Amino acid sequence: RTVAAMPTSSIPDEVDDFNTADGGGAFITGLSGPDTSLERAGIIGGDIITSFDGQTVRDEDAMRRILAGVPPGKPVEVIYIHDGETKKTMLTTIGKGEFRGMAPIDTRPGGRAFLGVDDLERVRLPNTNLYGVEIGDVNRNRPADLAGLKQGDIIIQFGEKQIRTPGDLRLRIYEAIPNGIVNIILMRDGQRMEIPVKMGRNRD
């Protein structure tokens, strides 16, 4: 007699990856699509989960083991670190098949948006617990270049969304509406700047 496998939650699919954080916990390298149960609970890329459903998360392997035993539709308490502060939230898991990844973006009119930045790196802002994403290369005559973004700029917010990892920045770029205007908040030479950018359309 075969035993039916227990339904699993979509959380492992909702992230680009989990890494073991310095000091312990599961570091989220980025969200892998829109409308995740993690983001609904206020958790984004760059956050470190230290407790899930009452169980201590010591590393990435512990995170995966715990998730394997949590069914869809269960409200769970999550303790996590965001910008150096410990926070607590409630998250309701969804089923593996309910999270559609990038499909909602890829199937909409216009598809994914495009900015024109490469060689992205997560960097810490001096004298803070705040991280952003540094631009290593700006493509000539593409939306970022036309708006005045420069190599070395550190993006900390894209529209209304905080940016802490390259994975999350890529998601926010794709999520934006092609030909729409997005206000990007960045640090340049220690100065905070806000630059409106007209997004392009991803042709890949």
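Residues numbered from 1 in each chain as written. Predicted model: local features only at pLDDT ≥ 70, side-chain atom pairs only at ≥ 80, totals over all residues. Heavy atoms only, no water.

Asker: Is there a simple way to explain the overall build of the protein in this structure?
Answerer: Secondary structure assignment for the protein yields six helices and 16 strands. In terms of C-alpha radius of gyration, the protein reaches 18 Å, essentially the compact-globule figure of 17 Å for 204 residues. Expressed along its principal axes, the backbone C-alpha trace of the protein runs to roughly 60 × 45 × 25 Å. Counting across all 204 residues of the protein, residues that qualify as buried make up 47%. (Helix = DSSP H or I, 4+ residues; strand = E, 2+ residues; numbered from the N terminus. Rg over C-alpha atoms; globule rule 2.2 N^0.38 Å. Buried < 20%, exposed > 50% of the residue type's maximum accessible area, 1.4 Å probe, protein only.)

Asker: Explain the nonpolar core to me, please; I cannot follow it from the model alone.
Answerer: Nonpolar side chains tend toward joint burial in soluble globular proteins. Phe 18, Leu 38, Ile 49, Phe 52, Met 63, Val 78 and Leu 91 are the most contacted members of the largest nonpolar core, which has 23 residues in total. Elements that contribute at least two residues to this core include exactly β2 (26–28), β3 (48–52), α3 (60–68) and β5 (75–82). If we ignore the near neighbours within four places in the chain, the residues touching Leu 38 are Ile 11, Glu 14, Val 15, Leu 31, Ile 43, Ile 49 and Leu 91. Membership of the second largest hydrophobic core comes to 21 residues, among which are Val 117, Leu 120, Val 133 and Val 197. (Core = buried A, V, L, I, M, F, W, Y, C linked by side-chain atoms within 4.5 Å. Contact = heavy atoms within 4.5 Å.)

Asker: Explain the layout of surface pockets here, please?
Answerer: With a probe scaled to a water molecule rolled over the atoms, the places where space remains empty come into view. In this structure, the largest pocket encloses a volume near 300 Å³. In terms of lining residues, the largest pocket is bounded by 15 residues, among which Ile 48, Gly 84, Arg 122, Asn 129 and Tyr 131 are the most central. At the level of elements, β5 and β9 (121–124) are the ones that each hand at least two residues to the lining of the largest pocket. Looking at the lining of the largest pocket residue by residue, the classes come out as five nonpolar, four polar and six charged. When its volume is computed, the second largest pocket comes out at roughly 200 Å³. Forming the boundary of the second largest pocket are 13 residues, of which Val 117, Asp 118, Arg 170, Ile 173 and Tyr 174 lie nearest the centre. Counting only elements with at least two residues in the lining of the second largest pocket, the list comes to β7 (113–114), β8 (117–118) and α6 (166–175). (1 Å grid on protein atoms, 1.4 Å probe; cavity = no way out; pocket = protein on both sides within 12 Å on 5 of 7 lines; lining within 4 Å. Points joined across faces, edges and corners; volume = space filled by probe spheres on them. Nonpolar A, V, L, I, M, F, W, Y, C, P; charged D, E, K, R; others polar.)

Asker: Would you mind showing me how to read α3 here?
Answerer: Within an α-helix, residues lying three or four positions from one another point in the same direction, as the helix has 3.6 residues per turn. Looking only at α3, the buried set comprises Ala 62, Met 63, Ile 66 and Leu 67. Along α3, the residues classed as buried sweep out an arc of 135° about the axis, all on the same side. With a side-chain oxygen lying 3.2 Å from the backbone nitrogen of Asp 61, the N-terminal cap of α3 falls on Asp 59. (Arc of directions from axis to C-beta. Polar contact = N/O pair within 3.5 Å; in protein donor to acceptor, adjacent residues only side chain to side chain.)

Asker: Got a minute to help me understand the packing of aromatic side chains in this structure?
Answerer: The way to describe two aromatic rings as a pair is by their centre distance and the angle between their planes. Considering all chains together, one arrives at zero aromatic pairs under this definition. The lysine or arginine in question, Arg 112, covers the ring of Tyr 174, its NZ or CZ lying 4.6 Å from the ring centre. When the ring centre of Tyr 131 is taken as origin, the NZ or CZ atom of Arg 122, which lies over that ring, is 3.8 Å away. (Phe/Tyr/Trp six-rings, centres within 6.5 Å; stacked < 30°, edge-to-face > 60°. Lys NZ or Arg CZ within 6 Å of the ring centre and 35° of its normal.)

Asker: Any chance you could explain unusual backbone geometry here in plain terms?
Answerer: Working note: non-glycine residues mostly have negative phi, and peptide bonds are mostly trans. Positive phi is not limited to glycine here, since Asp 119 has a value of about 50°. Tracing the chain through its elements places Asp 119 in the loop between β8 and β9. Judged by its relative accessible area of 59%, Asp 119 falls in the exposed class. Residues other than glycine seldom take positive phi values, yet Asn 127 does so here, at roughly 60°.

Asker: What am I meant to see in α6 here?
Answerer: Counted residue by residue, α6 has seven buried out of 10 residues, so it is predominantly covered. Those residues of α6 lying buried are Pro 166, Gly 167, Asp 168, Leu 169, Leu 171, Arg 172 and Ile 173.

Asker: How do you make sense of the environment of Pro 7 when you look at a structure like this?
Answerer: Considering the arrangement of structural elements, one finds Pro 7 in the segment before α1 (11–14). Since its relative accessible area comes to 53%, Pro 7 is described here as exposed. Spatially, the C-alpha atoms of Pro 7 and Gly 97 are 9.8 Å apart, while their sequence positions differ by 90 residues.

Asker: Would you mind going over the pairing of strand β10 (residues 131–134) with me for this structure?
Answerer: As a general feature of sheets, a regular strand has side chains that alternate between the two faces. Two strands pair when backbone bridges link them, and β9 and β10 are joined in this way by four bridges, in the antiparallel orientation. By the bridge assignment, Arg 122 is partnered in β10 with Val 133. In this antiparallel pair of consecutive strands, β9 and β10, the connection spans six residues, and Asn 127 shows a positive phi of 60°. In this structure, β10 lies alongside strand β12 (residues 154–158), joined through two bridges in antiparallel fashion. Its bridge partner lying in β12, Glu 134 is registered against Ile 154. (Pairing = 2+ DSSP bridges.)

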